[in-house]
Amino acid sequence: MHDLPQPSGAATPPPEQPDRVVEVGHGGEPPRRGRRRRFAWLGTLASVAIFTASAVVLWTMASEVNFAEVQAAFTAASGRQLGLAALLTAVSYLLLTCYDALALRQLKLRVPYRTTALASFTSYAVSFNLGFPLLTAGTVRYWIYSAHRLSGGSVASLTIISSLTFWLGMSLVLAWSLLRQSGELAVLIYTSIWINQFLGVVVTALIIAYLIWVSLRRRAVIIQGWRLDLPGFRLSVAQMLLGAGDVCAGAGVLFVLLPGGHGIGFETFLAVYVAAVMLGVASHAPGGLGVFEVTVLLALSSYPREPILGALLLYRLCYYVVPFILALALLGAYEISNRLRQARATLAQQEEENVS
């Protein structure tokens, strides 16, 4: 990637003495680098452990599953369920395009919404299925945004701010569900009400602390040698609400596909969904594959396993596979359109040279 001149608000090399900067990534004293390496190894080991444990549990569960019943559950979904799942999937991905729009506003960059929507939708659809979102989503975004003179640093900043939106939304939904439905969750996942309430209070306190922290003065982080100004209070609240809306829509896709008669409230299910997504992200498995399913199956272990597994397969199809295929088609059309435009420009230039 070749860095172009930085627009106002984009990631720029850090000043010698930045104001209230938190350093992340390379740099700093050698002991700090050593600690970061150790933490990186611990993170990798934790991811491998989560994925391995989930694979073992999933294999054990699969050996006890009647796949004929899973197939029946997979094909038993009504047209209404599939329609609602498709609608909620569209809503979720529409809200995801607003992640990029908010990030561009923070970076003070102007890009047409049609470009923002294309870059956001395709980057998320690809990264959800291939994993390693900072790499895969960043690559797809750069491919599209570079045509609008966004540098590699700007695209990296945009990707990080969008990720922050996701985590703020997840945290808000988790806190809400833990506090509102602590009793139902205690029955569902075999914990106690006070533990759920305590966790809800902790998450809420962290959210409030972050909002206060970014509202007191301008905050920034240094990532791989680049300075990134964090959104202030208003944009952070907007990020949180937008992320929460996206999480609720994504959870709704799986919720409407669950078999009838489960008796689980949507607010209760949100905590299960958020926990499954977080563990999936921590495992670094593409789309949390295996880890997500195991978490949901364990949380809903008091219900028949085959219908739940059928709903999970349908969810994968609706929320991951179909958008991924559509994203690949859009990226292919985008590249063909660019090549045709370049060919026309070359022919026009050659004609002008021949005339002159």
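Residues numbered from 1 in each chain as written. Predicted model: local features only at pLDDT ≥ 70, side-chain atom pairs only at ≥ 80, totals over all residues. Heavy atoms only, no water.

J.: What is the right way to read the overall build of the chain from this model?
T.: Per the secondary structure count, the chain includes 12 helices and three strands. Scored against the burial criterion, the 356 residues of the chain give a buried share of 43%. Partitioning the intrachain contacts of the chain with sequence separation of at least 6 by distance along the chain shows that 73% fall at a separation of at least 24. When the accessible area of the chain is evaluated, it comes to approximately 18,700 Å², of which 67% is carbon and sulfur surface. (Helix = DSSP H or I, 4+ residues; strand = E, 2+ residues; numbered from the N terminus. Buried < 20%, exposed > 50% of the residue type's maximum accessible area, 1.4 Å probe, protein only. Contact = heavy atoms within 4.5 Å. Areas by Shrake-Rupley, 256 points an atom, 1.4 Å probe, with all protein chains shown as cover.)

J.: Is there a simple way to explain the packing of helix 3 (residues 79–106) against helix 6 (residues 152–180) in this structure?
T.: For any two helices packed against each other, the geometry is given by the interaxial angle and the distance between the axes. Closest axis-to-axis distance for the helix 3/helix 6 pair is 9 Å, and the angle between their directions is 125°. Our classification of the angle between helix 3 and helix 6 gives oblique. The crossing of helix 3 and helix 6 is right-handed. Residues Tyr99, Asp100, Ala103, Leu104 and Gln106 of helix 3 pack against Leu158, Ile161, Ser162, Thr165 and Phe166 of helix 6. (Axes fitted to C-alpha atoms, helices over the stretch in contact; angles between N-to-C directions. Parallel < 35°, antiparallel > 145°, perpendicular 65-115°, else oblique. Left-handed = near helix turned anticlockwise from the far one by under 90°.)

J.: Just checking my understanding: could you explain the packing of helix 6 against helix 8 (residues 193–216) for this structure?
T.: The contact between helix 6 and helix 8 brings their axes to 8 Å, and the two run at 145°. Helix 6 and helix 8 meet at a crossing whose hand is left-handed. Contacts from Leu164, Leu168, Ser171, Leu172, Leu174, Ala175, Leu178 and Leu179 in helix 6 reach Asn196, Gln197, Leu199, Gly200, Val201, Val203, Thr204, Ile207 and Tyr210 in helix 8. A class-by-class count of the residues in the contact of helix 6 with helix 8 yields 12 nonpolar, five polar and no charged. (Nonpolar A, V, L, I, M, F, W, Y, C, P; charged D, E, K, R; others polar.)

J.: In this structure, what is going on with the nonpolar core? I would like to understand it.
T.: Nonpolar side chains tend toward joint burial in soluble globular proteins. Grouped together as the largest cluster of nonpolar side chains are 81 residues, with contacts concentrated most on Leu254, Phe292 and Tyr315. Looking at which element gives the most residues to this core, the answer is helix 12 (residues 305–355), with 13 residues. (Core = buried A, V, L, I, M, F, W, Y, C linked by side-chain atoms within 4.5 Å.)

J.: What is the right way to look at the packing of aromatic side chains in this model?
T.: The relation between two aromatic rings is expressed through the spacing of the ring centres and the mutual angle of the planes. Enumeration over the complete set of coordinates arrives at 19 aromatic pairs. Measuring from centroid to centroid gives 5.3 Å for tyrosine 93 and phenylalanine 121, while their planes differ by 70°, and the two rings are edge-to-face. One end of the pair, tyrosine 93, is in helix 3; the other, phenylalanine 121, is in helix 4 (residues 113–130), with 28 residues separating them in the sequence. Residue classification places tyrosine 93 among the buried positions, given a relative accessible area of 4%. Ring geometry for phenylalanine 255 and phenylalanine 266: centres 5.3 Å apart, planes at 70°, overall edge-to-face. One end of the pair, phenylalanine 255, is in helix 9 (residues 233–257); the other, phenylalanine 266, is in helix 10 (residues 266–283), with 11 residues separating them in the sequence. Since its relative accessible area comes to 18%, phenylalanine 255 is described here as buried. When its relative accessible area of 29% is taken as the criterion, phenylalanine 266 is described as partly exposed. (Phe/Tyr/Trp six-rings, centres within 6.5 Å; stacked < 30°, edge-to-face > 60°.)

J.: Explain a nonpolar patch on the surface to me, please; I cannot follow it from the model alone.
T.: On the surface, Trp194, Ile195, Phe198, Leu199, Val202 and Leu206 cluster together to form a nonpolar patch covering roughly 600 Å² of accessible area. Tracing the backbone through its elements, the reader meets leucine 206 in helix 8. (Patch = residues over 30% accessible without salt bridge, like charges linked within 9 Å, V, L, I, M, F, W, Y side chains within 5 Å. Salt bridge = Lys/Arg side-chain N within 4 Å of Asp/Glu carboxyl O.)

J.: Can you help me understand the pattern of salt bridges in this one?
T.: Oppositely charged side chains can pair when the atoms bearing their charge come close. One pass over the full model with this rule turns up five salt bridges. With a shortest N-O distance of 3.1 Å, glutamate 267 and arginine 180 are connected by a salt bridge. In this pair, glutamate 267 is assigned in helix 10 and arginine 180 in helix 6, connecting sequence segments 87 residues apart. A residue is classified by how much of its surface remains accessible, and glutamate 267, at 21% relative accessible area, is partly exposed. Aspartate 229 is the salt-bridge partner of arginine 218, the closest N and O atoms lying 3.4 Å from each other. One end of the pair, arginine 218, is in the loop between helix 8 and strand 2 (220–223); the other, aspartate 229, is in strand 3 (residues 226–229), with 11 residues separating them in the sequence.

J.: Please clarify how the environment of arginine 80 should be interpreted in this entry.
T.: Structurally, the position occupied by arginine 80 is in helix 3. A C-alpha to C-alpha distance of 9.6 Å links arginine 80 and leucine 257, two positions 177 residues apart in sequence.

J.: When you look at helix 3 in this model, what are you seeing that I'm missing?
T.: It helps to recall that an α-helix has 3.6 residues per turn; residues three or four apart then point in one direction. With 28 residues, helix 3 extends 41 Å between its outermost C-alpha atoms, agreeing within 8% with the 40 Å of an ideal straight helix rising 1.5 Å per residue. Just downstream of helix 3 lies lysine 108, where phi reads positive at about 60°. (Expected span 1.5 Å × (residues − 1).)

J.: Please clarify how the side chain of serine 127 should be interpreted in this entry.
T.: Tracing the backbone shows serine 127 in helix 4. Here serine 127 is in contact with Pro133, Thr136 and Ala137, once residues within four sequence places are set aside.

Remember that the coordinates give geometry; whether it matters functionally is a separate question.
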